[in-house]
Amino acid sequence: ATAADWSTRMIYQVVTDRFALSDNSSSACDTSNRTYCGGSWVGIINHLDYIQNMGFDAVWISPIVENVDGTGYGDGYHGYWSRDIDTVSTRFGSTDDLKALSTAIHERGMYFMLDIVINHFAGVPTNDTVSQDNLFTFDYSELLPFGTEAEFHTQCFISDYTNQTNVEQCWLGDKVLPLPDIDTEDDAVVATLNAWIKNIVAEYGIDGVRIDTVKHIRHDFWSNFTASAGVFTLGEVLSENATYAGSYIGAVDAVLDYPSWYNLVGAFNDSLGNLSALENSPALASLAPDGPSSIALLTATFLENHDQPRFASYTSDSALTKNAMTWPFVTDGIPIMYYGQEQGYAGGADPYNREALWLSGYMTDKPLVAHAQSLTAVRKLAIAGNASFLTGPARWISQADPSTLMLSKLPLTTLLTNIGTMGTRAPTWSIPAGLYAPNTTLVDALACKTVTVDGQGGATVVTAEAGLPQVLIPASMLSKAGGACPA
Ligand code: ABC
Ligand code: CA
């Protein structure tokens, strides 16, 4: 599938080891042990209903290749510590299971996104102590298909994130677990990686890849690699800086919108959060080679992932959580939700943010499950209701009340507030004249309450209840087929 194909999709992110067991048992999973808890590809197959019922139509799974275990930071249950990229990890099932997962996803009309790591492997040093010159010895023959020291960059840990050569050619990791950095300056190594991605996409019917550590490989590596992949490529560039992150758009199809993530968390983790910082968040779009109109194809927006503390670890206020969760679904870019958010999981930094979902019982009568359902439903209605919804860009409409923000991405107008559940006053928004046709009836797709704009198509004052967000859409666009609110 291409970037255009993906632009209408909504992605549910899964850490395979933590999402679902093969049987319906419920074994314990202590995240602090940093070891396998037993989740599998068969487990995912058996819980696709759960994902689809929330309205998601794409699934991103954690890396599949054989990892290094028994390190100072535990085992490679998350999949990011490659040992042999030509062997699929037996921890999560067989190659047939993985193919069956791909088939099951496709039978539902969903897309399959695979997370891949090609910047580095992981290697437990064979010498306990760092030598005088800070070098480790490794059994490079273990790291396949490469297997020689010459196919890795010379040992050095990244020490200066302002020096791009250092970022690209030194190693991630630390003394506890170095991550040997692949020599992506070597033509033969590059050819091996290009052939590898082409093969894995074909073998497992992959529709898109999430690429780890994109900023750790030179820009001009990516065009041949993404061409070999032949499907949508979504890159991870972990940076707060929109100019820097945006510079990788074009090298890969799209980047994870980390710059917005920082502003999103800062806006809603506290009722004193800075909402206006979010205004600049769609900045990535303006850096796009084809301009902002291609935004939907260029970024993917998220509130949580496996590397950052869960949002509910910052605040237990459910209204703040609902506001923050709303953002990715009503703004530019492809929305992503990380598994467990819907169950109210509140784990802190890695490894605590990787809780076993089976411990929740996959209950669907939870407030955030319902919230996710409403958000996916209203986004689908918006895509169906306005051909240019996806091309955006979202428009910020300034408001007098600093505890509120209004984002218009027609046909949706979203009203968010960080006043919180216990806010001592009810914040208000004012819909500007001309935003909608005169006398249009709008429905808040979250509470199913209506608001009718005046004869100028706006000027209506809307009030929040208990600090909750509202997503307004013309009532005429509600579908009788279900979704958001009954038509
Ligand atoms: C393990 C333990 C952790 C322990 C850590 C040292 O080692 O589990 O408890 O704290 C995998 C595993 C992790 C594991 C790591 C390291 O490997 O999942 O559990 O942590 O062994 C990707 C993946 C991630 C994965 C890897 C490695 C890469 O999403 O899951 O981790 O394959 C860098 C990379 C980024 C990477 C991230 C983990 O590390 O760039 O691709 N994620 C700065 C740097 C960033 C850097 C970040 C964190 O620090 O600029 O490049 O990310 O180290 C903002 C700035 C940012 C700045 C942040 C901190 O502040 O704008 O630039 O980021 O203001
Ligand atoms: Ca590198």
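Chemist: I'd like a rundown of the pairing of strand β20 (residues 470-474), residues and numbers included.
Modeler: Note on strand geometry: in a regular strand, side chains alternate between the two faces of the sheet. β20 sits mainly inside the fold: 5 of its 5 residues count as buried. Both faces of β20 are covered, namely the face carrying Q470, L472 and P474 and the face carrying V471 and I473. In terms of strand pairing, strand β15 (residues 412-417) meets β20 through 3 bridges, oriented antiparallel. Within β20, the position partnered with T414 by the bridge is V471. Bridging between strand β17 (residues 441-444) and β20 involves 3 bridges; their strand directions are antiparallel. What sits directly across from L442, in β20, is P474.

Chemist: Give a description of the coordination of the calcium ion (ligand 2) that names residues and reports values.
Modeler: Of the protein atoms, only N119 (OD1), E168 (O), D181 (OD), D181 (OD) and H216 (O) coordinate the calcium ion (ligand 2), at distances of 2.3 to 2.7 Å. Classification of N119 as buried rests on a relative accessible area of 1%. Since its relative accessible area comes to 10%, E168 is described here as buried.

Chemist: Could you give me a rundown of the state of the cysteines, with the residues and numbers involved?
Modeler: Enumeration according to the criterion identifies 3 disulfides in this entry. One disulfide bridge connects C448 with C485, the sulfur atoms lying 2.0 Å from each other. Its torsion about the S-S bond being -90 degrees, the disulfide of C448 and C485 is classed as left-handed. Taken as a pair, C448 in the loop between β17 and β18 (449-452) and C485 in the segment after β20 lie far apart in primary sequence, 37 residues in all. Residue classification places C485 among the buried positions, given a relative accessible area of 2%. Taken in N- to C-terminal order, the disulfide-linked cysteines of the chain are connected 1-2, 3-4, 5-6.

Chemist: So, the packing of helix α10 (residues 258-268) against helix α13 (residues 318-330): which residues are in play, and what are the values?
Modeler: Packing of α10 against α13 brings their axes to within 9 Å, and their N-to-C directions diverge by 160 degrees. As summarised for this structure, α10 and α13 are arranged roughly antiparallel, according to the angle between their axes. For the pair α10 and α13, the crossing hand works out as right-handed. Residues S260, L264 and F268 of α10 lie in contact with α13, whose contacting residues are L320, N323, A324 and W327. Classifying every residue of the contact of α10 with α13 by side-chain character gives 5 nonpolar, 2 polar and no charged.

Thresholds, definitions, all that
- Residues numbered from 1 in each chain as written.
- Chains lettered and ligands numbered in written order.
- Predicted model: local features only at pLDDT ≥ 70, side-chain atom pairs only at ≥ 80, totals over all residues.
- Heavy atoms only, no water.
- Buried < 20%, exposed > 50% of the residue type's maximum accessible area, 1.4 Å probe, protein only.
- Helix = DSSP H or I, 4+ residues; strand = E, 2+ residues; numbered from the N terminus.
- Pairing = 2+ DSSP bridges.
- Donors = N, O, S within 2.8 Å, 3.2 Å for Na, K, Ca; no water.
- Disulfide = S-S within 2.5 Å.
- Axes fitted to C-alpha atoms, helices over the stretch in contact; angles between N-to-C directions.
- Parallel < 35°, antiparallel > 145°, perpendicular 65-115°, else oblique.
- Left-handed = near helix turned anticlockwise from the far one by under 90°.
- Contact = heavy atoms within 4.5 Å.
- Nonpolar A, V, L, I, M, F, W, Y, C, P; charged D, E, K, R; others polar.

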